[in-house]
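Coordinates in review
Spelled out, the chains give:
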Amino acid sequence: PITRSVRAESVADVAKQVEGLVPAGAKEIPCAQMAKEMRKDGTGMTLIFHTLYGPGKIQAAKMWRIDRPTTRDGLADDEEPGHTEVWLLMELGDQICGHPEYIHGGFLSA
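Reading the values: the criteria
- Every chain is numbered independently, its residues counted from 1 as its sequence is written.
- Whole-chain, interface and lining totals are the exception, using all residues; otherwise, since this is a predicted model, local features are given only for residues with pLDDT of at least 70 and side-chain atom pairs are given and counted only at 80 or more.
- Each side-chain value is worked out from all heavy atoms of the structure, with water and hydrogens disregarded.
- Only runs of H or I of at least four residues qualify as helices and only runs of E of at least two qualify as strands under DSSP, and these elements are numbered from the N terminus.
- Exposure classes here rest on a 1.4 Å probe applied to the protein chains alone. A residue is buried below 20% of its type maximum, exposed above 50%, and partly exposed in between.
- Throughout, a contact is declared for two residues whenever any of their heavy atoms are within 4.5 Å.
- Methods summary: accessible areas were calculated by the Shrake-Rupley approach with a probe of 1.4 Å, and residue burial reflects only the protein chains presented.
- The term polar contact refers here to a pair of N or O atoms within 3.5 Å; inside protein, the definition further demands a hydrogen-donor-capable atom paired with an acceptor-capable atom, and it admits residues adjacent in sequence only when both atoms are side-chain atoms.
- Between any two strands, pairing holds if DSSP finds at least two bridges.
- Structural elements are reduced to axes, namely lines fitted to C-alpha atoms, with helices fitted over the stretch in contact, and the angle between N-to-C directions of any two is expressed from 0 to 180 degrees.
- Salt bridges are identified by distance alone: a Lys or Arg side-chain nitrogen within 4 Å of an Asp or Glu carboxyl oxygen.
- Nonpolar cores are built from buried Ala, Val, Leu, Ile, Met, Phe, Trp, Tyr and Cys residues. Side-chain atoms within 4.5 Å join them into one set.

**Here we look at the overall build of the protein chain**
Within the protein chain, the secondary structure is distributed over four helices and five strands. Mapped from its N terminus to its C terminus, the protein chain presents α and β elements in the order α-β-α-α-β-β-β-β-α. Within the protein chain, the fraction of its 110 residues that count as buried is 24%. Here the contacts in the protein chain between residues at least 6 apart in sequence split such that 50% fall between residues at least 24 apart. For the protein chain, the exposed area adds up to about 7900 Å²; of that, 53% sits on carbon and sulfur atoms.

**Section: the side chain of Lys62**
Summarising the element assignment, Lys62 is placed in strand 2 (residues 58-67). At 3.4 Å, the side chain of Lys62 and the side chain of Glu28 are in polar contact.

**Remarks on the sheet that holds strand 3 (residues 84-92)**
The antiparallel open sheet is built from three strands, whose spatial order is 1-2-3. Lying at the two open borders of the sheet, with one neighbouring strand each, are strand 1 (27-29) and strand 3. The average angle at which neighbouring strand axes cross in this sheet is 20°, direction not considered. Here nine bridges tie strand 2 to strand 3, and the two strands are oriented antiparallel to one another. Residue pairing for strand 3: Arg65 is matched across the bridge by Val86. Each of strand 1, strand 2 and strand 3 is contacted by helix 1 (residues 11-19), which is oriented at about 155° to strand 3, the strand it contacts most.

**Examining the pattern of salt bridges**
By the definition in use, this model includes three salt bridges. Across the pair Lys62 and Glu28 runs a salt bridge, and its minimum N-O distance is 3.4 Å. Here Glu28 lies in strand 1 and Lys62 lies in strand 2, a separation of 34 residues in the sequence. The class of Glu28 is partly exposed, set by a relative accessible area of 44%. Notably, a salt bridge pairs Asp67 with Arg65, separated by 2.8 Å at the nearest N-O pair. Accessibility expressed as a relative area gives 38% for Arg65, which makes it partly exposed.

**Considerations on the nonpolar core**
The biggest cluster of nonpolar side chains holds eleven residues, and these are Cys31, Ala35, Met38, Phe49, Leu52, Tyr53, Ile58, Ala61, Met63, Ile96 and Phe107. Those elements that place two or more of their residues in this core are helix 2 (31-41) and strand 2. Not counting residues within four places of it along the chain, the set of residues in contact with Ile96 comprises Leu52, Gly56, Lys57, Ile58, Tyr102, Ile103, His104 and Phe107. Formed by nine residues, the second largest nonpolar core is a distinct cluster that contains Val14, Ala15, Ile66 and Leu89.

**Some remarks on the environment of Thr46**
Examined against the element boundaries, Thr46 turns out to sit in the loop between helix 2 and helix 3 (47-51). Exposure remark for Thr46: the relative accessible area of 27% places this residue in the partly exposed category. Once the C-alpha coordinates of Thr46 and Ala35 are considered, the two residues, eleven residues apart in sequence, prove to be 9.7 Å apart.

Structure (structure tokens):
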């Protein structure tokens, strides 16, 4: 997990800092492109890419997938073989607020 606080003007600025922390071998998942394609071809009726994606909601997102080895070789004691991690960085707008300046708890739990 990322344990340091980062302040920046935009998601792109934060992404530059986060990319330096992403483990080697991680694959970036093209969230924005996926959202555009799903909306364009009509398959975008999903919670994330249709209902929650757009101005005032999920305004920008970057996602990385990290596949772990399927054997214990080279893994730390707290890592499981075959485990996949997903790191997600999102810029959230004010339409996902439960109270001013707080993201809605239902969104966070989903």
